[in-house]
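# Remarks on the overall topology
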Amino acid sequence: MLIKISDEVKLALKEGRPVVALESTIISHGMPYPKNVETALEVERIIRENGCVPATIGIIDGDPIVGMTPEEIELFGKRSGILKVSRRDLPIVMAKKMWGATTVASTMILANMAGIEVFVTGGIGGVHRGAQQTFDISADLQELAHTNVTVVCAGAKAILDLPLTLEYLETFGVPVLGYKSSNLGAFYSKDSGLKVDYKMDSEREIAEAIYYKRMMKLDGGILISNPIPDQYSMPSEVINLYIEKALKDADEKGIKGKEITPFLLKNIADNTHGNSLEANIKLVFNNAKIGARIAKELSNISK
Ligand code: PSU
Ligand code: MN
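Residues numbered from 1 in each chain as written. Chains lettered and ligands numbered in written order. Predicted model: local features only at pLDDT ≥ 70, side-chain atom pairs only at ≥ 80, totals over all residues. Heavy atoms only, no water.

### Observations regarding the pattern of salt bridges
Under the criterion given, the structure shown has 18 salt bridges. We note a salt bridge from arginine 214 to glutamate 117, for which the minimum N-O separation is 2.8 Å. Taken as a pair, arginine 214 in helix α10 (residues 203-215) and glutamate 117 in the loop between α6 (104-114) and β7 (118-120) lie far apart in primary sequence, 97 residues in all. Note that lysine 190 is salt-bridged to aspartate 230, the shortest N-O span being 2.9 Å. Taken together, the residues span a long stretch of sequence, with lysine 190 in the loop between β9 (176-179) and β10 (198-200) and aspartate 230 in the loop between β11 (222-225) and α11 (236-253) at a distance of 40 residues. Taking the relative accessible area as the measure of exposure, lysine 190 reaches 38% and is therefore partly exposed. In this structure, a network of salt bridges that share partners links the residues Glu42, Arg45 and Glu49. (Salt bridge = Lys/Arg side-chain N within 4 Å of Asp/Glu carboxyl O. Helix = DSSP H or I, 4+ residues; strand = E, 2+ residues; numbered from the N terminus. Buried < 20%, exposed > 50% of the residue type's maximum accessible area, 1.4 Å probe, protein only.)

Dropping the structure here:
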């Protein structure tokens, strides 16, 4: 077996019950222990409360696991030195029997192999600022271009070049849909000031779009932007100052490649004394709720 699917997830998929995939880079590289583990477990609880089975995905001793146990999530959250695994890293980590945290890209790959169509996360990778020079464009975008998984996020944060990220997704035919919003979320704040492709008015409408995309054999993902709820949204003028500082620090320290996103997240959380981390946690919970409801509607349509 190339991938290990938990018995619970396997049974749910066999019976046509809705399953929601979750990534593990957010656990190992996105948040500090123990908040990372508490958040991951609460996200699973919210997904169950909304009628779906959660499938947290990660790689343990070279085995891709779809549906980690709470104990495995705890080990994952505590362990240091877990590799951040995107598409290119996946076969190597398997060959070397290492532990790996899956990014949006590799979680999409494994979810798709298992037959899971909806995936909930916080934010996706995108076109980085200065990509005209650095070529730093997250592999998440290419995965969205090709792999049939819908990703529910809170938009993308201003560490990225958001207009270029939208252009890239347009070129590759990835629909960017706003859940009850015409504007793209900006992760910590609810409004990036940029338009999504379509405002969607209900979970049902989104599920129908996923269904028709599948039936029309239009390969590739769909990106759902579910903006952070008003009461947790940070003012963009404030958070953008911290983002600018983080980008400057990264530049001065010569941080490059896959280290950049985790570095920026930690730098911003430290400098906001954890405020950005709290916003991050709240937006993931909100995504879990909406993502689960979309998956539930989709399973009703697909029957
Ligand atoms: N953006 C966030 N939080 C995250 C990530 C992105 O707001 O935790 C993680 C996700 O796992 C995403 C990865 O897939 O970072 C993107 O990394 P890169 O930019 O190196 O492709
Ligand atoms: Mn990158």
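Don't stop here, the text continues.
### With respect to the side chain of aspartate 89
As for its placement among the helices and strands, aspartate 89 is situated in the loop between β5 (83-85) and α5 (90-95). Among the residues examined, aspartate 89 registers a relative accessible area of 11% and is labelled buried. Looking at aspartate 89, its side chain comes within polar contact range of the main-chain nitrogen of serine 86, at 2.8 Å. Apart from residues no more than four positions distant in its own chain, aspartate 89 is found in contact with Lys84 and Lys258. (Polar contact = N/O pair within 3.5 Å; in protein donor to acceptor, adjacent residues only side chain to side chain. Contact = heavy atoms within 4.5 Å.)

### Re the pairing of β9
With burial as the criterion, each face of β9 is covered, one bearing Val176 and Gly178 and the other bearing Leu177 and Tyr179. As paired strands, β9 and β11 are joined by 3 bridges and run parallel to one another. Directly across from leucine 177, in β11, lies its bridge partner isoleucine 224. In terms of strand pairing, β9 meets β10 through 3 bridges, oriented parallel. Opposite glycine 178, over in β10, you have lysine 199 as the bridge partner. (Pairing = 2+ DSSP bridges.)

### Concerning a nonpolar patch on the surface
Nonpolar side chains collect at one region of the surface, where Tyr212, Met216 and Leu218 lie side by side and expose about 360 Å² of accessible area between them. With respect to the helices and strands, the residue leucine 218 is situated in the loop between α10 and β11. (Patch = residues over 30% accessible without salt bridge, like charges linked within 9 Å, V, L, I, M, F, W, Y side chains within 5 Å. Areas by Shrake-Rupley, 256 points an atom, 1.4 Å probe, with all protein chains shown as cover.)

### Here's the deal with the site of ligand 1
Contacts to ligand 1 come from 16 residues, most closely from Glu23, Lys84, Ser138, Asp140 and Lys157. The backbone of valine 104 places a nitrogen or oxygen atom 2.8 Å from an oxygen atom of ligand 1. In the model, a nitrogen atom of ligand 1 is placed 3.4 Å from a nitrogen or oxygen of the glycine 123 main chain. Surface burial for ligand 1 is 92%, taken as the share of its 470 Å² of free accessible area covered by protein chains. For the shell around ligand 1, the per-class residue count stands at 4 nonpolar, 7 polar and 5 charged. (Near = heavy atom within 4 Å. Nonpolar A, V, L, I, M, F, W, Y, C, P; charged D, E, K, R; others polar.)

### A word on the side chain of glutamate 143
On the secondary structure map, glutamate 143 appears in helix α8 (residues 139-146). The contacts of glutamate 143, once residues within four sequence positions are left out, are Arg87, Ala105, Met108 and Ile109.

### Things to note about the nonpolar core
With 63 residues, the main nonpolar core has Ile47 and Tyr188 as its most contacted residues. Among the elements that line this core, the one with the most residues is helix α13 (residues 275-302), at 13 residues. Residues in contact with tyrosine 188, not counting those within four places in the same chain, are Lys157, Ile228, Tyr232, Ser233, Met234, Ile239, Leu265, Ile268, Ser276, Ala279, Asn280 and Leu283. (Core = buried A, V, L, I, M, F, W, Y, C linked by side-chain atoms within 4.5 Å.)

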